[in-house]
Amino acid sequence: MSINIKKDNLIYPYFIQEGVNKKSAIKSFPDVYRFSIDRLLGDIKETSQLGVKKILLFGIPVKKCFDGASAYAKDNIISVAIKKIKQEFNDVIVITDVCLCAYTTHGHCGVLKKGKKELDNKSTLKALSNMALSHACSGVDWVAPSAMAEKQVLAIRGTLDKNGFRRTKIMGYSAKFASNFYGPFRQAQDSFPKFGDRRAYQLDPADRNKALQEISDDIDEGADIVMVKPALGYLDIIKEASQKFNHPLAAYNVSGEYAFVKYGAKQGLWDERAMVFEIITSIKRAGADLIITYHAKDIAKWLKEQ
Ligand code: PBG
């Protein structure tokens, strides 16, 4: 018996950098690149032709600032990218990460309290709402708030609705654990926190109840899709969430999980394709409707060959 993996279930992440004609490798993130927008469009064409029609965008701005305002400045890198993608591809669903960590000089996910090393929730909500709105104005289909600020989905939903973007969907990073598996991603986005860690706002891996509560809260706040992240160490949470809430559910097969597979395959420890199918099957079996994976393009190619 095999679980049916569909290209429709997959979301492929992209890292976008400023400049032209750039496709840069990332040291500890095999086969994942940072694209300038012109090169990005070529790659999306390939992805789309393979049948993967959902992409998730992360920006890497040249200039960071203390409060992360470059995330929603006019002509910010992501807004420009969305417009260009939407002009060229009308059947690709464009999703954007809404978080400040790549835009702040300190590398934390929101705005800090004056003179302190902790997040100010109110100003963080404002910044995240501005960021989501700037993406919506550029034509994004879904926004995905990942800062783990209290009531981020509610704040963003309110701002979008007030500005006439009722149809822009929200995919909440609802149960996002303070995980060790985000290493390659932070290298890609240059978003390592410069002090401390993210445990003040990301979830304790041992806290199952809080994770389920966060998912329930996001649904109440208006999330169209909820997410569990990472996927593999948290299949039990995916399973529980899929049983408890009758709500579209995504799972993020994160960068560290991807790197494990890649490095092991390069060492000849396992067959990459067989390993990826096993992993994706497990995540689907646990109950995820959507899977965000850096292997999405590979999977589409492999499905074609079958
Ligand atoms: C932004 C964000 C992170 C990831 C997705 N959005 C990093 C983090 O929280 O530190 C990680 C994704 C991955 O590892 O693939 N906050």
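Residues numbered from 1 in each chain as written. Predicted model: local features only at pLDDT ≥ 70, side-chain atom pairs only at ≥ 80, totals over all residues. Heavy atoms only, no water.

The biggest cluster of nonpolar side chains holds 78 residues, and the ones touching the most others in it are L57, I85, I215, V228 and I238. For this core, the element with the highest residue contribution is helix 9 (residues 272-286), accounting for 7 residues. Counting 25 residues, the second largest nonpolar core, distinct from the first, contains I60, F185, A250 and I292. (Core = buried A, V, L, I, M, F, W, Y, C linked by side-chain atoms within 4.5 Å. Buried < 20%, exposed > 50% of the residue type's maximum accessible area, 1.4 Å probe, protein only. Helix = DSSP H or I, 4+ residues; strand = E, 2+ residues; numbered from the N terminus.)

Scanning the model with the defined rule gives 0 disulfides in all. Left unpaired, C65 is separated from the closest cysteine sulfur, that of C101, by 13 Å. C99 takes part in no disulfide bond, and the closest cysteine sulfur to it belongs to C109, at a distance of 3.6 Å. (Disulfide = S-S within 2.5 Å.)

Burial along strand 6 (residues 142-145) is two-sided: W142 and A144 and V143 and P145, pointing in opposite directions, are all buried. Bridge analysis of strand 5 (residues 93-98) against strand 6 gives 4 bridges, and the strand direction is parallel. Residue pairing across strands places V98 opposite P145, the latter belonging to strand 6. Chirality of the crossover, the property in question, places the unit of strand 5, helix 3 (residues 121-137) and strand 6 among those that are right-handed. (Pairing = 2+ DSSP bridges. Right-handed = clockwise from strand over helix to strand, strands pointing away.)

A few words now on the pairing of strand 7 (residues 169-176). A large share of strand 7 lies buried, amounting to 7 of its 8 residues. For strand 6 and strand 7, the ladder comprises 2 bridges, and the chain directions are parallel. Note that in strand 7 the partner of W142 across the bridge is K169. With helix 4 (residues 152-162) bridging strand 6 and its parallel neighbour strand 7, the resulting β-α-β unit is right-handed. Pairing of strand 7 with strand 8 (residues 225-229), which is carried by 4 bridges, proceeds in the parallel orientation. Bridging across to strand 8, G172 finds its partner in V226.

Once that is clear, we can look at the side chain of T96. In this fold, T96 is placed in strand 5. Taking the relative accessible area as the measure of exposure, T96 reaches 0% and is therefore buried. Excluding residues within four positions of it along the chain, T96 makes contact with L56, L57, I78, I82, H135, V140, W142, V143 and A144. (Contact = heavy atoms within 4.5 Å.)

Assignment of secondary structure puts L41 in helix 1 (residues 37-49). For L41, a relative accessible area of 11% translates into the label buried. For the pair formed by L41 and F58, sequence separation is 17 residues and the distance between their alpha carbons is 14 Å. Not counting residues within four places of it along the chain, the set of residues in contact with L41 comprises K84, I85, E88 and F89.

Now for the environment of L303. With respect to the helices and strands, the residue L303 is situated in helix 10 (residues 296-305). Accessibility expressed as a relative area gives 23% for L303, which makes it partly exposed. Note: C-alpha distance between L303 and F277 (26 residues apart in sequence) is 9.9 Å. With residues up to four places along the chain from it excluded, the contact list for L303 reads I5, K7 and F277.

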